[in-house]
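Examining the three-dimensional arrangement
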Amino acid sequence: MGSRAGDRLLNVNGLGISLDRRESGASINFISHAHTDHIAAARSGNILASDETSALLGAYRIKPKKLEDEKGWIKLLDAGHMLGSKQLFVSDYDGGIDYVYTGDFQMQKSAIAKQIQTRKADVVIIDSTYPRPEFRFDDREEVEEAMGIWIRQKMKRGIVLFGSYPMGKSQELISIINGFGITPVVTPRIAEISAMHNSLGAGLDFLSRDMDSERTDEALSGNFVGIVEAGKLREAAAAVSAAHSKRVYTASATGFAKLYRMGTDVQFPLSDHADFWQSVDYLNAVSPSLVLTYGGSQDVFAENLAKVGFKAMPFGEFRQDGLKTIEARWHSAKRL
Ligand SMILES: [Zn+2]
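Residues numbered from 1 in each chain as written. Predicted model: local features only at pLDDT ≥ 70, side-chain atom pairs only at ≥ 80, totals over all residues. Heavy atoms only, no water.

Considering a nonpolar patch on the surface
Taken together, Phe256, Leu259, Tyr260 and Met262 make up a surface patch of nonpolar side chains, about 370 Å² in accessible area. Note that Met262 resides in the loop between β13 (248-253) and β14 (266-268). (Patch = residues over 30% accessible without salt bridge, like charges linked within 9 Å, V, L, I, M, F, W, Y side chains within 5 Å. Areas by Shrake-Rupley, 256 points an atom, 1.4 Å probe, with all protein chains shown as cover. Salt bridge = Lys/Arg side-chain N within 4 Å of Asp/Glu carboxyl O. Helix = DSSP H or I, 4+ residues; strand = E, 2+ residues; numbered from the N terminus.)

Next comes the structure, spelled out in structure tokens:
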């Protein structure tokens, strides 16, 4: 979706705040968490982010220049998505309006992230990753239990390899697999990011090895669970199978498993995002007068939220300038 007028900054107290994007004219660049699709502004100045997010940006060789004076009208709230992920809560003194921007978030407690915090706000700017009500994520406990059963079964017969996103999801997988009493073997890149998580208190137990090495290595002598970058899974599975002369079982663990075939032996719908109905739960807790949907699917998400009773519109259509009340802004936008 192309950007539209007004699709750019949140303007509060005379300052323009960019939300997980690089935008011209931003006085403050908010980075909600350390996933690569949210850090385009990380090399700009005046970064607003949690200490954990700032530290994890080191994985991309970025040392962010943080905002010098944190403003009293800004608060960061936990988002539940990954280590250090935050929502942005700001109070506009001029209009007396409280805004909250979610970034990526989830309502369920994950293995690594802190549980989400909710706080009453007048306007919610909400992530649109899962804009449709048709599917729901399963309960995390059920998904994790199914993973444990499958892993134990397959380890009797061969090697288990997960393909995973290196930042965030891999550490969650390590934590879940540790819960089954297993120390997974990971690639050097995943090990580097996991060590950063440990220096922030994550307490993960993992081994870093070349899994397709033919050298005898105690960690690789029996059947083991490995985690590799998702894009390298197919290649890694063939190499590991050849090196150890064993069957390799492949797995993926992502919310997109609900929508797409992942091409692995098994796919677990383990998501770090809110589905549509979790978003509704979130909005009921925050109880806003107006919902602004944000991101690639903002139009369809706004339509679907309107169908279940929220006053909702795409962020790109919202007009803030010169109008003091939410009602006035809403009606002004609707006239366009
Ligand atoms: Zn994310």
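Here's the deal with the pattern of salt bridges
In this structure the tally under the stated criterion is eleven salt bridges. The partner of Lys66 in a salt bridge is Asp51, with the nearest N and O atoms 3.2 Å apart. Of this pair, Lys66 sits in the loop between α1 (51-56) and β5 (74-78) while Asp51 sits in helix α1, and the two are 15 residues apart along the sequence. For Arg140, the salt bridge is made with Glu144, and the minimal N-O distance between the two is 3.9 Å. Here Arg140 and its partner Glu144 are both found in helix α2 (residues 140-155), four residues apart, which amounts to about one turn of the helix. Counted as one network, the salt bridges with shared partners bring together Arg8, Arg21 and Glu23.

Let's talk about the nonpolar core
In this structure, Phe162 and Phe268 are the most contacted members of the largest nonpolar core, which totals 42 residues. Residue assignment for this core shows that the elements contributing at least two residues are α2, β9 (159-164), α3 (169-178), α4 (188-199), β12 (225-229), β13 and β14. When we break this core down by domain, the ones giving at least three residues each are domain 1 (9-134 + 273-335) and domain 2 (140-268). Counting 26 residues, the second-largest nonpolar core is a separate cluster that includes Ile28, Tyr101, Tyr294 and Phe315. (Core = buried A, V, L, I, M, F, W, Y, C linked by side-chain atoms within 4.5 Å. Buried < 20%, exposed > 50% of the residue type's maximum accessible area, 1.4 Å probe, protein only. Domains from an automatic or database assignment.)

What to know about the sheet that holds strand β8 (residues 123-127)
A sheet is described by the order of its strands in space; here six strands give the open sequence β5-β6-β7-β8-β15-β16, paired in mixed fashion. With partners counted over all chains shown, the strands left at the sheet margins are β5 and β16 (312-314), one partner each. Strand-to-strand twist across the sheet, computed as the mean angle between neighbouring axes with direction ignored, equals 20°. Strand direction decides the pairing type here: strand β15 (residues 290-294) and β16, joined by three bridges, are parallel. Counted as the bridge partner of Leu292 is Met313 from β16. Along the sheet, helix α7 (residues 276-286) makes contact with β6 (86-92), β7 (97-101), β8 and β15, crossing β8 at roughly 160°. Along the sheet face, helix α8 (residues 298-307) touches β8, β15 and β16 and points at about 175° away from the line of β16. (Pairing = 2+ DSSP bridges. Axes fitted to C-alpha atoms, helices over the stretch in contact; angles between N-to-C directions. Contact = heavy atoms within 4.5 Å.)

Looking at a negative patch on the surface
Residues Asp139, Glu141, Glu142 and Glu145 make up a contiguous surface patch of negative charge. Within the secondary structure, Glu145 is located in helix α2. (Lys, Arg positive; Asp, Glu negative; His and termini not counted. Charge placed at Lys NZ, Arg CZ, Asp CG, Glu CD.)

A word on the side chain of Ser194
Inspection of the secondary structure puts Ser194 in helix α4. Ser194 gets classed as buried once you look at its relative accessible area, which sits at 0%. Ignoring sequence-local partners within four residues, the contact set of Ser194 consists of Gln171, Ile174, Leu204 and Phe206.

Remarks on the coordination of the zinc ion
The protein atoms that coordinate the zinc ion are His33 (NE2), His35 (ND1), His81 (NE2) and Asp104 (OD), at distances of 2.2 to 2.3 Å. Bound by four donor atoms, the zinc ion shows angles of 89 to 168° at the metal and therefore irregular coordination geometry. Coordination of the zinc ion draws on donor residues from a single chain, spaced H-x1-H-x45-H-x22-D in sequence. Taken as a pair, His35 in the loop between β3 (28-30) and β4 (47-48) and His81 in the loop between β5 and β6 lie far apart in primary sequence, 46 residues in all. Classification of His35 as buried rests on a relative accessible area of 9%. For His81, a relative accessible area of 2% gives the class buried. (Donors = N, O, S within 2.8 Å, 3.2 Å for Na, K, Ca; no water. Tetrahedral: all angles 85-135°; square planar, octahedral: opposite > 155°, others 65-115°.)

What to know about the packing of aromatic side chains
Following the criterion strictly, the structure yields 14 aromatic pairs and no others. Between Phe135 and Phe137 the ring centres are 5.5 Å apart and the planes differ by 75°, which places this aromatic pair in the edge-to-face class. Comparing Phe135 with Phe137, the two get one shared label, buried. Ring geometry for Trp150 against Phe162: centres 6.5 Å apart, planes inclined by 80°, an arrangement best described as edge-to-face. Of this pair, Trp150 sits in helix α2 while Phe162 is found in strand β9, placing the two residues twelve residues apart along the sequence. The class of Trp150 is buried, set by a relative accessible area of 11%. Note on Phe162: relative accessible area 0%, which makes it buried. (Phe/Tyr/Trp six-rings, centres within 6.5 Å; stacked < 30°, edge-to-face > 60°.)

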